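Each chain, written out:
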Amino acid sequence: EEHEGFSINEETRKFNARAIEFARLHGFQVVDYYAAVADSEGFLPDELARDAIHPNASGNARLAEAFRAAMK
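What you are looking at is a predicted structure, and each value in this text was computed from that prediction instead of being measured. (Residues numbered from 1 in each chain as written. Predicted model: local features only at pLDDT ≥ 70, side-chain atom pairs only at ≥ 80, totals over all residues. Heavy atoms only, no water.)

1. Description of the nonpolar core
The tendency in soluble globular proteins is for nonpolar side chains to be buried as a group. Among the nonpolar cores identified, the biggest contains seven residues, and these are V31, A36, V37, L48, L63, A66 and A70. If you tally residues by element for this core, the top one is helix 3 (residues 57-71), at three residues. Setting aside chain neighbours within four positions, we find A36 in contact with R62, L63 and A66. (Core = buried A, V, L, I, M, F, W, Y, C linked by side-chain atoms within 4.5 Å. Buried < 20%, exposed > 50% of the residue type's maximum accessible area, 1.4 Å probe, protein only. Helix = DSSP H or I, 4+ residues; strand = E, 2+ residues; numbered from the N terminus. Contact = heavy atoms within 4.5 Å.)

2. With respect to a negative patch on the surface
A contiguous patch of negative charge on the surface is contributed by D39, E41, D46 and E47. Mapped onto the secondary structure, E41 falls in the loop between helix 2 (33-37) and helix 3. (Patch = residues over 30% accessible without salt bridge, like charges linked within 9 Å, V, L, I, M, F, W, Y side chains within 5 Å. Areas by Shrake-Rupley, 256 points an atom, 1.4 Å probe, with all protein chains shown as cover. Salt bridge = Lys/Arg side-chain N within 4 Å of Asp/Glu carboxyl O. Lys, Arg positive; Asp, Glu negative; His and termini not counted. Charge placed at Lys NZ, Arg CZ, Asp CG, Glu CD.)

3. Considerations on the confidence of the model for the protein
With 97% of its residues at a pLDDT of 70 or more, the protein shows a mean pLDDT of 92. Of all helices and strands in the protein, the one with the weakest mean pLDDT is helix 1 (residues 8-26) (94), whereas helix 3 scores best (96). (pLDDT = per-residue confidence, 0-100.)

4. Section: the packing of aromatic side chains
Evaluated as defined, the whole model comprises one aromatic pair. Here the aromatic rings of F22 and F28 are separated by 6.2 Å at their centres, their planes lie at 35°, and the arrangement is tilted. (Phe/Tyr/Trp six-rings, centres within 6.5 Å; stacked < 30°, edge-to-face > 60°.)

5. Comments concerning the pattern of salt bridges
The final tally for this structure, using the stated rule, is three salt bridges. Here E11 and K14 are joined by a salt bridge, their closest N and O atoms 3.1 Å apart. Remark: K14 and E11 occur in helix 1; sequence separation between them is three residues, near one turn of the helix. R68 is paired through a salt bridge with E65; the nearest N and O atoms lie 3.3 Å apart. A residue pair is termed a helical-turn pair when its members lie 3 or 4 positions apart in one helix, as R68 and E65 do in helix 3 at three residues. Judged by its relative accessible area of 40%, E65 falls in the partly exposed class.

Okay, here's the thing in structure tokens:
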């Protein structure tokens, strides 16, 4: 079912921004996995996905790299 004016990608971006801001305000460290794998339109690209929502080995490698970078 479609809802006029609703974009799951836009809602995900807004939620992600709120979560990052919450973490910053409370001194938590955040790994931005969304930014690590989302394409410019906010989707998980086919080359990083094993299905519509789960990363494949290449996607998981990007997630792992984002985690390593955040832990430095």
